[in-house]
Each structure stands twice: as structure tokens, then as C-alpha cells.
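A structural walkthrough
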2 protein chains.
Amino acid sequence: MHVLIIGAAGMIGRKLAGAISRSGKLGTRPVDKLSLIDAVTPEKPAGFSGAVTSLALDISDPHAAPQMLAHRPDVIVHLAAIVSGEAEQDFDKGYRINLDGTRHLFDAVRQLSLTNGYCPRLVFASSIAVFGAPMPDAIDDVFLTAPMTSYGTQKAIGELLLQDYSRRGFFDGLAIRLPTICIRPGLPNKAASGFFSGILREPLAGKPAVLPVPDTVRHWHASPRAAVDFLTRAATMDLGPVGHRRVLNMPGLSATVAEQIEALRRIAGDSAVALIRHEPDPDIMRIVSTWPRGFAAERATALGFRAESSFDEIIRIHIEDEMGGAL
Amino acid sequence: MHVLIIGAAGMIGRKLAGAISRSGKLGTRPVDKLSLIDAVTPEKPAGFSGAVTSLALDISDPHAAPQMLAHRPDVIVHLAAIVSGEAEQDFDKGYRINLDGTRHLFDAVRQLSLTNGYCPRLVFASSIAVFGAPMPDAIDDVFLTAPMTSYGTQKAIGELLLQDYSRRGFFDGLAIRLPTICIRPGLPNKAASGFFSGILREPLAGKPAVLPVPDTVRHWHASPRAAVDFLTRAATMDLGPVGHRRVLNMPGLSATVAEQIEALRRIAGDSAVALIRHEPDPDIMRIVSTWPRGFAAERATALGFRAESSFDEIIRIHIEDEMGGAL
């Protein structure tokens, strides 16, 4: 099977490509060809026995998608996006990449579908940013999308297009709305959500971290490992039981910051917790107050998607996958 | 005030232009200039004391929107669309007009907003076609959009864009989801929903009509007069109380076909009802079974939007507005 990952240089893209390379499989299905695309040339993962192509392309260029599809990938995982903050700052760029880029991809698949019956599986990484306040504590599977950012708007539009193109039979699509991924590896970034990872990742490494919101803030989390599992399942599962509503809220863990911190204390002790400095930031608090606190992800759960059930588990996954298994 | 109606040659556009022309007002606000746009040159309504421009433009042409906006209309009512059946048959045309045309309009307003602070009221006629089965008997104000047609998809995308552009301050937008308009004047058409009007309009004129579905079918209706009232209110109301969710399900009347027929009997007698021939059409039945049956339009009702409360009233409006007041 040939797998195309668009947005392969990002954190989740790299983890997915790495998992495929190590196992030679996507789920239980053997992979012999891997195509990696991003705005910068993605690093080729080590240890893959099949063929790997790695290419820098601008998905907002209408010529990019036909090039990506030249060798007819069986599975397309579309992760590429201008992130929330940047799409808010640069209106044109966000629409150009997140909306036009996605539409160019879908239309290029459609052209191949019309001319030679091509019909790949297409997995679109959407986001809980499609939701906006006011929201219930547990958002159910029929709650409206009312995004409060351009990024969320662009993701919600991508979902609608994916469903219409799937209904028409141009491809076999599934959009999954990912929780906030925690613990994000790497350096602290300036995303408003960055502290959810930072207050665990930095103290686990013996470094200080800043908490800009009260510890009563509740949010919806899943590990990077869960995200790779979600994408793998979405890319390989039978979509018959999904029906025509091809958008799923992924399961996750609804937890307060205080619950995150207590899990850190259980695993890394009081000294780790002492590295967290409370420094309220009204701007971040205002943004975070508009985000989902939890979901009743019943459809996805019934379809076999699973996330972590405690923050202890999320921290242990970080220690295993990013810190060589020990503090 | 200068009012621009895009899609002014359609049934609702003509009625709205006619109402403005007769009263010289949109709601309570005096109108001195009316610009009418459609794919064919809209007829100029009689009796308007102000200036009227009437122009044929293709809204999918990026040059059309700047031309429409040259004289900075204060209110833009965007009704233009490829209808459901045609958007389903001609995929490219539907997306070109309903999505690209809408986006060109929004972007042209945005450009003027950025360059000279232009910020018109923009009313977008959306549709209950944004909803898809399964649905509750009464759809509430937080139910998901899950369209089952390309037309519904394009309308749902227009709503998302309108909300993002409004949030950004490029215009002051409101999208209203119109019920099925009943009784549509004019000749029978081939729309799958045509019979809802036909089984009343034709017998009221002494002509036979075909009913292709069982009389237990329930649907969501409002009169053409209510549609003009909805648009007028949307174009002139204070949007402060609407908040950032700029899409409203319009009120309407949830009625079965049997209830429609009994209203016809009360107003026009058994002889009119006898003109309805039951001729089941499985294709139409299948389409109709995926449509909304009713709404709990609480937000719109709280904001003062009103529809009819009986089919007797809907029939009387048709007799007053289309038949000179008497059978």
C-alpha cells in the first residue's frame, strides 16, 4: 500500500511516518511506499524497508496536488495547516493554505476519480476549534460547529467539503477532530495552548514552566500516541458503519490543570510541581475560556477509537516515547 | 439608504424589491436607491420614487462583485444561488456560483472594508438544506449542519464564511435559514418540493395537481410574505443581541400534507380537494424523507421573527397577494 502524508514535517506527521517506518505497516496493512509532503522537505524516517519520497510543495499552488497524486496513493492523510494563531494574524495565508489548499487537493482527487475511477481513503485532521462558546461541559455528536477563529472556520469548511466529495464518491473520506495533543514534545512554543504541555514537559526535564491560567481550567486532551492511533484507525477502518456523517469527535481526557499537576506530582514528585510558576495572563485566559472542556465522543468510541483515561497515563507515554523510558 | 439585492429576478427577490418600491422603505428605513442584480436582468419594480439600477452579472466572475459595490450599498441582500436540483446535477456550476460567487462577494466587501472602512449589513439567504437525516422532529438552535446535497453544503460553507468575516468586522452579516416557501406563485416546477405549493396553488385556480407522497409527510413552511419580512428584519435589526452566532433558523409552520389539504378544504371546499390526484413517486418520497420536519426556532422567535401559525393563513396570503383577494 502507498501512503501519502501531507504535513509530514509537523509533530504528528513525523510520528505517523515514524510508526509506519518502524512497523512497515499502517495498522495491519503492509506499506511499501511512503510519500511525505510539507512546506519544507520532511525528514525521511529511519528504518523503512519500502520506497520513500520526500518533497517540499506549497499546497495552495493548484499544481501541487496533481503532483502529489501522480502515483495514486491508496491512503491520503491530510494534516497540513496554518495553525490557529498564524491563521488569525494572516487572514489571506490561512484561507489560501487551509481552505484553498484543501480544496485543490480534494478537486485533484475528484479529477482522477472522474477520469479513471481512482477512489483513495482520505483522512482529514480537523480540530475541536470548529466549536465555539457557549458550549456544554460535554459536547455531543450533534452539536453545531460555531468556530470563533478563522482556523476553526477553515477546518469546518474542510469537513463539509470532505463529506460532500465522499457522498459523491470522489474519495472515501473521514474527518477526525483531534483533542489538544498533550504532551507535545520539543521546545515551548507561543501557541495559547502551549502551557498544557509545558507545565508537564518542562518540569519532567527539570526545567521551570509558566502556568498562565487558574488551575480550575478544564480542557480536552489526548497523547501524541493516541493521535497516531486515531489517524491509523481512520485510514484503515471500514467506513460502512460511519454512514454519511464523515466527521467524528475523537475521544480524549477531560481534565483540569489541577488534575494535570496532581498526576505530575504522583509521577515526578513535589520538586517537579515546584517548578511551575503561576503567572496569570488575561489574554491567554480569555482565549482558553472559549475552548471546549469536554466531549461525549460516543460515535467514535463505538467505532473503536480510544484515548487515555488518566493524566498519569499521558505522562508515562511521554516518558516512554520522548525520554527513553525514565526520568 | 441604498439597498443591493443579488438574485433579484427570483421569486423572493422580486417580492422584496416590490415591497421596497411600494413603501419606499426597508422596514422603517427610507430607501432612495435600489440596485438589482441577477444572472438575467431583473425587471425594475413599478412605483419606486428613488433610483433603480438593474443589471445582469455572473457572480462567479471575480469582477462582478466590485462592480456591484461601486456605489457602496448600505444593505446587501444575497439571495443568488443555483438551486438544489441543479447544483446536484452540475457539480462545478453549483460550487462556482454558490461557493465561489459568495466568496467573491464577501472578499470584495472585505477589500473595501480594509481600504476605506466600508461595513455594510449583509444578509445571506441560507436554507434548511444545511440539515440532514437523522434529525429530531424539532431541530433546535444548536443542532449540527450535516447537508445531504451539494447545495446544502455550499449554503453551510457560506454561513461559516459570513460568521468569520463578520467576526473580523469586514461586514455586519446575518444568515437566515429559510423554511420551504409555500405557496410559491407561478407555474408548477420540477423541484422535488414543488408539490407542497402545487397541491394548493393549482386547486385554488381550479386546476388539477399531483401529490407524489403520502399525506402523513410533515414539513416546515412559511409564506412568501413571511420570507420578505424575515429578510427585512434581518437587514434592519440591531445585531447586538444576536451575538457572534450569525446564523438563525427562521420560524415556520410544521404541518403534514393532510393538514395542508384540510386547510384547502376549509377555504376552497371539497371540489378543490378533489382536484388533487394521489400518485406516489418513490424518488420524490426518498428525497423528502431526508428533509427537516420542524424546528424549535427559539433564537429567531426571541429576536422578533414571526411566521404563520396555520395553513389557512398561508392560503389566505396567497389569495390576497396572488389572486386579487378572492377565489
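Okay, so let's go over this structure. (Residues numbered from 1 in each chain as written. Chains lettered and ligands numbered in written order. Predicted model: local features only at pLDDT ≥ 70, side-chain atom pairs only at ≥ 80, totals over all residues.)

To continue, consider the overall build of chain A. Scanning chain A for helices and strands turns up 11 helices and 14 strands. Relative to the 2.2 N^0.38 estimate, which gives 20 Å for 327 residues, the radius of gyration of chain A is 19 Å and therefore close to what a compact globule would have. Across the 327 residues of chain A, 49% fall into the buried class. (Helix = DSSP H or I, 4+ residues; strand = E, 2+ residues; numbered from the N terminus. Rg over C-alpha atoms; globule rule 2.2 N^0.38 Å. Buried ≥ 20, exposed ≤ 12 C-beta atoms within 10 Å, placed from the backbone.)

Look at the two chain copies: a rotation about an axis and a shift along it is all it takes to match them. Rotating chain A by 180° and moving it 0.0 Å along the rotation axis overlays it on chain B with an RMSD of 0.0 Å. The transformation just described matches what one would write down for a two-fold rotation axis. Across chain A, the smallest distance between a C-alpha and the rotation axis is recorded for A:Leu144, namely 2.0 Å. Interface residue correspondence from chain A to chain B reaches 100%, placing this contact among same-surface, isologous pairings. (Least-squares fit on C-alpha atoms with pLDDT ≥ 70 in both. Contact = placed C-beta atoms within 7 Å.)

Attention now moves to helix 7 (residues 224–236) of chain B. Over its 13 residues, helix 7 of chain B runs 19 Å from end to end, which matches the ideal 18 Å to within 8%, given 1.5 Å per residue. Among the residues of helix 7 of chain B, B:Pro224, B:Ala226, B:Ala227, B:Val228, B:Asp229, B:Phe230, B:Leu231, B:Thr232, B:Arg233, B:Ala234 and B:Ala235 are the ones counted as buried. (Expected span 1.5 Å × (residues − 1).)

As a further point, take the packing of helix 6 (residues 194–204) of chain B against helix 8 (residues 257–273) of chain B. All names here are of chain B. Two elements in contact, helix 6 and helix 8, have axes separated by 10 Å at closest approach and are oriented at 30°. In this view, helix 6 runs roughly parallel relative to helix 8, as classed from their interaxial angle. The handedness of the crossing between helix 6 and helix 8 comes out as left-handed. Side by side, helix 6 and helix 8 meet where Ile199, Leu200, Pro203 and Leu204 of the first sit next to Gln260, Ile261, Leu264, Ala268, Ala272 and Val273 of the second. (Axes fitted to C-alpha atoms, helices over the stretch in contact; angles between N-to-C directions. Parallel < 35°, antiparallel > 145°, perpendicular 65-115°, else oblique. Left-handed = near helix turned anticlockwise from the far one by under 90°.)

In sheet architecture, strand pairing relies on hydrogen bonds along the backbone and comes in two forms, parallel and antiparallel. All names here are of chain B. Overall, parallel pairing links the seven strands, which are arranged 5-4-1-6-7-8-12 in an open sheet. The strands lining the two open edges of the sheet, one partner per strand, are strand 5 (51–56) and strand 12 (247–249). With strand direction ignored, the average angle separating the axes of adjacent strands in the sheet is 15°. Of the pairings in the sheet, the one linking strand 1 (residues 2–6) to strand 4 (residues 33–38) comprises five bridges and is parallel in character. Within the sheet, the bridge partner assigned to leucine 4 lies in strand 4 and is serine 35. On top of the sheet, helix 5 (residues 150–167) reaches strand 7 (121–127), strand 8 (172–178) and strand 12; it is set at about 155° to strand 7, its chief contact. Where helix 7 meets the sheet, it contacts strand 6 (75–78), strand 7 and strand 8, and its direction lies at approximately 160° from that of strand 8. (Pairing = 2+ DSSP bridges.)

Right, let's get into the packing of helix 5 (residues 150–167) of chain A against helix 5 of chain B. Put simply, helix 5 of chain A and helix 5 of chain B touch, their axes get as near as 10 Å, and they point 180° apart. Taken together, the axes of helix 5 of chain A and helix 5 of chain B are roughly antiparallel relative to one another. Side by side, helix 5 of chain A and helix 5 of chain B meet where A:Ser150, A:Thr153, A:Ala156, A:Ile157, A:Leu160 and A:Asp164 of the first sit next to B:Ser150, B:Thr153, B:Ala156, B:Ile157, B:Leu160 and B:Asp164 of the second. In the contact of helix 5 of chain A with helix 5 of chain B, the residues fall into six nonpolar, four polar and two charged. (Nonpolar A, V, L, I, M, F, W, Y, C, P; charged D, E, K, R; others polar.)

It is common to give the size of an interface as the accessible area that goes away when the parts come together. The interface is formed by 14 residues belonging to chain A together with 14 residues belonging to chain B. Residues that form the side of chain A that touches chain B fall into these classes: eight nonpolar, four polar and two charged.

With that settled, consider the sheet that holds strand 11 (residues 218–222) of chain B. All names here are of chain B. On the basis of which strands lie adjacent, the open sheet formed by three strands has the order 9-11-13 and mixed pairing. Only two strands of the sheet have a single neighbouring strand rather than two, namely strand 9 (180–181) and strand 13 (253–256). Where strand 9 meets strand 11, two bridges bridge the pair, whose relative direction is parallel. Directly across from threonine 180, in strand 11, lies its bridge partner histidine 221.

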